Amino acid sequence: MEKQILTTKNVKLSYGDFEALHGIDLAFNEHEITALIGPSGCGKSTYLRCLNRMNDQIDGVNISGEFKLHDTDIYGENTDVVELRKHIGMVFQQPNPFPMSIYDNVVFGLRVAGVRDKAKLDEAVQTALKQAAIWDEVKDKLDQNALALSGGQQQRICIARALAVSPDVLLLDEPTSALDPHSSRQIEATLLQLKEQYTIITVTHNLQQAARIADRTAFFLQGDLIEAASTKQIFMNPEHEQTRDFITGRFG
Amino acid sequence: MDKIRESILTTSRASKLERRGKIISLTCLGGICLVVVAIFGFIAYRGLMTFTSDHVSIIKFLTGTEWNPSVSKNGAPLVGALPMIAGSFLITILATVLAIPFAIGTALMMTDITPKTGTRILQPVLELLVGIPSVVYGFIGLTVVVPAIRTVFGGSGFGILSGTFVLFVMVLPTITSMTVDSLSSVPKDYRSASLALGATRWQTIYKVVLRSATPGILTAIVFGMARAFGEALAVQMVVGNATLMPYSLVAPASTLTSVLTTGIGNTVMGTVQNDALWSLALILLLMSLAFNLAIHLIARRGAMKR
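Because the structure is predicted, anything quoted here is derived from the model rather than measured.

> Report on the pattern of salt bridges, specifying residues and quantitative values.
A side chain with one charge can pair with a side chain of the opposite charge if their charged atoms come near. Residue and element names in this part refer to chain A. Per the stated rule, a full pass over the model turns up twelve salt bridges over all chains. The residue Asp122 makes a salt bridge to Lys118 at a minimum N-O spacing of 3.0 Å. Of this pair, Asp122 and Lys118 both sit in helix H4 (residues 118-131), four residues apart, which is roughly one turn of the helix. For Asp215, the salt bridge identified is with Lys195, shortest N-O distance 2.9 Å.

> Now, about the layout of surface pockets: what can you tell me, with residues and values included?
Its boundaries defined by the atoms lining it, the largest pocket holds a volume of some 640 Å³. Along the wall of the largest pocket there are 22 residues; nearest its centre are Gln57 of chain A together with Asp112, Pro115, Lys188 and Arg201 of chain B. Looking at the lining of the largest pocket, the elements with two or more residues in it are helix H2 (81-87) of chain A together with helix H4 (82-113), helix H5 (115-131), helix H8 (188-196) and helix H9 (201-230) of chain B. The dominant element in the lining of the largest pocket, judged by the number of residues it contributes, is H8 of chain B, at four residues. Counted by class, the lining of the largest pocket contains eight nonpolar, five polar and nine charged residues.

> Could you give an account of unusual backbone geometry, naming the residues involved and the relevant values?
Residue and element names in this part refer to chain A. With phi around 55 degrees, His31 is a residue other than glycine that occupies positive phi space. With respect to the element layout, His31 can be found in the loop between strand S2 (18-29) and strand S3 (33-37). The residue Glu174 is not glycine, and still its phi comes out positive at about 45 degrees. Within the fold, Glu174 resides in the loop between strand S7 (169-173) and helix H7 (181-194). Given the relative accessible area of 10%, Glu174 is considered buried.

> Just give me the short version of the interface of chain B and chain A, but keep the residues and values in it.
By convention, interface size is frequently given as the accessible area that disappears when the constituent parts associate. On the side of chain A, 28 residues touch chain B, which itself brings 19 residues to the contact. Roughly 1,900 Å² of surface becomes buried between chain B and chain A when both sides are summed, with 64% attributable to carbon and sulfur atoms. Considering only the side of chain B, the residues that lose the most area to chain A are Tyr190, Ala196 and Leu197 of chain B, jointly responsible for 31% of the buried surface there. Viewed at the interface, chain A and chain B are joined by zero salt bridges. At the junction of chain B and chain A, the tally comes to two residue pairs in polar contact (both at pLDDT 80 or more).

> So what's going on with the packing of aromatic side chains? Residues and values would help.
Residue and element names in this part refer to chain B. Counted by the stated rule, this structure contains twelve aromatic pairs over all chains. Ring geometry for Phe51 against Phe61: centres 5.3 Å apart, planes inclined by 85 degrees, an arrangement best described as edge-to-face. In this pair, Phe51 is assigned in helix H2 (residues 13-52) and Phe61 in helix H3 (residues 58-63), connecting sequence segments ten residues apart. A centroid spacing of 5.2 Å and a plane angle of 65 degrees characterise the contact between Phe89 and Phe229, whose relative ring orientation is edge-to-face. Taken together, the residues Phe89 in helix H4 and Phe229 in helix H9 connect sequence positions 140 residues apart.

> Which residues make up H4 of chain B, and what values go with them?
Between its first and last C-alpha atoms H4 of chain B spans 44 Å; for 32 residues at 1.5 Å apiece the expected length is 46 Å, and the two agree. Approximately 30 degrees is the largest bend angle found in H4 of chain B, and it occurs at Ala99 of chain B, with the proline Pro101 of chain B only one to four residues beyond.

> Could you give an account of the side chain of Thr231 of chain A, with specific residues and numbers?
Residue and element names in this part refer to chain A. Here Thr231 lies in helix H9 (residues 231-236). Polar contacts involving the side chain of Thr231 include one to the side chain of Thr217, which spans 2.9 Å. Other than its neighbours up to four places away in sequence, Thr231 contacts Ala210, Ala211, Ala214, Asp215, Arg216 and Thr217.

> Before we move on, can you summarise the sheet that holds strand S9 (residues 216-221) of chain A with the specific residues and values?
Residues and elements named next belong to chain A. Across the sheet, six strands lie side by side as S6-S7-S8-S3-S9-S10; this open sheet has mixed pairing. The sheet terminates laterally at strand S6 (88-91) and strand S10 (224-230), the two strands that pair on one side only. The mean angle between the axes of side-by-side strands here comes to 15 degrees, regardless of whether they run parallel or antiparallel. The sheet contact formed by S3 and strand S8 (residues 199-203) spans four bridges and is parallel. Its bridge partner being in S8, Ala35 is matched across the sheet by Thr202.

> I'd love a proper account of a nonpolar patch on the surface, names of residues and values included.
Residue and element names in this part refer to chain B. Taken together, the side chains of Ile32, Val35, Val36, Ile39, Phe40, Leu286 and Leu289 present a nonpolar region at the surface, about 600 Å² in accessible area. Mapped onto the nonpolar patch, the elements with two or more residues apiece are H2 and helix H12 (272-305). Here the nonpolar patch gets five residues from one element, more than from any other, and that element is H2. Its place among the elements puts Val36 in helix H2.

> An account of the sheet that holds strand S1 (residues 4-15) of chain A is requested, with residue identities and associated values reported.
Residues and elements named next belong to chain A. Within the open sheet, the four strands sit side by side as S2-S1-S4-S5. Their pairing is antiparallel. With partners counted over all chains shown, the strands left at the sheet margins are S2 and strand S5 (72-73), one partner each. The pairing of S1 with strand S4 (residues 61-69) spans eight bridges and is antiparallel. Among the inter-strand pairings, Tyr15 is bridged to a residue of S4, identified as Val61.

> Give a description of the nonpolar core that names residues and reports values.
Of all hydrophobic cores here, the largest spans 81 residues; its most connected members are Leu6, Leu36, Tyr47, Leu51 and Ile201 of chain A. Top contributing element to this core by residue count: helix H7 (residues 160-184) of chain B, with eleven residues. If sequence neighbours within four positions are ignored, Ile201 of chain A has contacts with Leu6, Phe28, Thr34, Leu36, Leu48, Leu51, Val169, Leu170, Leu171 and Leu172 of chain A. With 47 residues, the next largest nonpolar core counts Val91, Tyr103, Val125 and Ala128 of chain A among its residues.

> An account of the domain arrangement of chain B is requested, with residue identities and associated values reported.
Residue and element names in this part refer to chain B. In terms of domain boundaries, chain B breaks down into domain 1 (1-52) and domain 2 (82-305). Centre-to-centre separation of domain 1 and domain 2, based on C-alpha positions: 36 Å. Contact residues are listed per partner, giving ten residues for domain 1 and ten residues for domain 2. A per-residue breakdown of the area domain 1 buries against domain 2 is headed by Phe40, Ile43 and Arg46, which together make up 56% of the total. On the surface where domain 1 and domain 2 come into contact, there are one salt bridge. For the salt bridge of Arg46 with Asp275, the shortest nitrogen-to-oxygen distance reads 3.4 Å.

What counts, and where the lines are drawn
- Residues numbered from 1 in each chain as written.
- Chains lettered and ligands numbered in written order.
- Predicted model: local features only at pLDDT ≥ 70, side-chain atom pairs only at ≥ 80, totals over all residues.
- Heavy atoms only, no water.
- Salt bridge = Lys/Arg side-chain N within 4 Å of Asp/Glu carboxyl O.
- Helix = DSSP H or I, 4+ residues; strand = E, 2+ residues; numbered from the N terminus.
- 1 Å grid on protein atoms, 1.4 Å probe; cavity = no way out; pocket = protein on both sides within 12 Å on 5 of 7 lines; lining within 4 Å.
- Points joined across faces, edges and corners; volume = space filled by probe spheres on them.
- Nonpolar A, V, L, I, M, F, W, Y, C, P; charged D, E, K, R; others polar.
- Buried < 20%, exposed > 50% of the residue type's maximum accessible area, 1.4 Å probe, protein only.
- Contact = heavy atoms within 4.5 Å.
- Buried area = accessible area lost by both parts, 1.4 Å probe.
- Polar contact = N/O pair within 3.5 Å; in protein donor to acceptor, adjacent residues only side chain to side chain.
- Phe/Tyr/Trp six-rings, centres within 6.5 Å; stacked < 30°, edge-to-face > 60°.
- Expected span 1.5 Å × (residues − 1).
- Bend = angle between axes of the 7 residues up to and from the residue.
- Pairing = 2+ DSSP bridges.
- Axes fitted to C-alpha atoms, helices over the stretch in contact; angles between N-to-C directions.
- Patch = residues over 30% accessible without salt bridge, like charges linked within 9 Å, V, L, I, M, F, W, Y side chains within 5 Å.
- Areas by Shrake-Rupley, 256 points an atom, 1.4 Å probe, with all protein chains shown as cover.
- Core = buried A, V, L, I, M, F, W, Y, C linked by side-chain atoms within 4.5 Å.
- Domains from an automatic or database assignment.

This is the structure in structure tokens:
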């Protein structure tokens, strides 16, 4: 059996009186890609954002349940959120590079962590950009504004930026939904390479994408986790009627 | 066939209305342009009289330190505007520099630190501050700030420093509300991305939010300076109105606007005294043009960076 890096038990989340997640039990294996699928508003993105505590900023949010990265409690009293986020990185739906140079974008996480050594930063930039498969395209213009790049390139800069901090887990919130099919395919190829070194959890609306890249798939519906299994099983032989309906496009 | 032909070839009611609307807007626009050109022309015409008909050299006007238009010396009246120019710039710069940290701090409070209470309490407060007439500010300056400065620094209490404090309160809401606009136009995604990379909230504000908002904040500062430079009444009430070089911040001094407001009613059109005041007005006008130009330049450079 694979080693589980991130486990969650009985995760509940509510905004005021409204409960958005009704007790999710889900665990993630190391060096695998897990896809979270489900119709809009089913809670998959909300769940994803619990994992690196991005929901903390929202007023009136109440989160309960057990979250563990290895054996450490993510919501523990002594847990430093800032440190936690260095271990669990995140890439967002809209490519959101900062309005600064490509170089400054990629080293941002290292700089805020206090790394000042130029040689170290240079090396990290090269490694991260290579991992995100964009090094060849930008190596000659690292001091150019990242916003001048195309959407797909920007998203890969964002991936590189998240990788530069060397996280253990990479969360992706619909990373390709704002991109054209060609750029999406490039990002998918990048993710497949990255799983050698990282554990990847991605939310996606694109079922084919989940089928192409994910090792495991979890199906969410109205704040419940209906089914989580190997991608093959979910797509070929799901246990639940609702999963089958969703996969075959009968709703969602 | 003929029906279609007829309906296409006659001008419809809607098209007539359209043309009429266009004519009305153009007339209004032309009227406004005419007024602006007339103001510029008139001020320039009167302002240049000092140099053309009263034979004052421009250099002497800008660098002279003695202001006494009714007295002539060596064939030309004593109209050295440097004390007022220096006074205006000093008060403007000091008030703006003093206001910047407060404005940015308040704006951050409203957008990033406590957005809820920030917008609920600070927003109305700011709007109120903008709405207070400048004579009220001047009056408060006269009864509170001037005596306070007198007690602390001695002297009469009138001077650049009192003007600075009064103007500081007056430009604060301008700079703050424009800084708020600029900070809230920084995409929320930038903040999320920065936090997700392990930056603290302060690092996020400092390295991402403020940095992305810099062009907007600079524009806000220049707007504040323009307002400070042009403010007349409140400054005139606390600055002391002595047309002397401001050798000390707590000594009575004057600004371009304060000399204009005190002097313009006491001179006769066409006299040297009156012409000299128009020249001061011309400088004011040119300065506000310069501020406007600066705002446009900053905005354009900011737009290019994005």
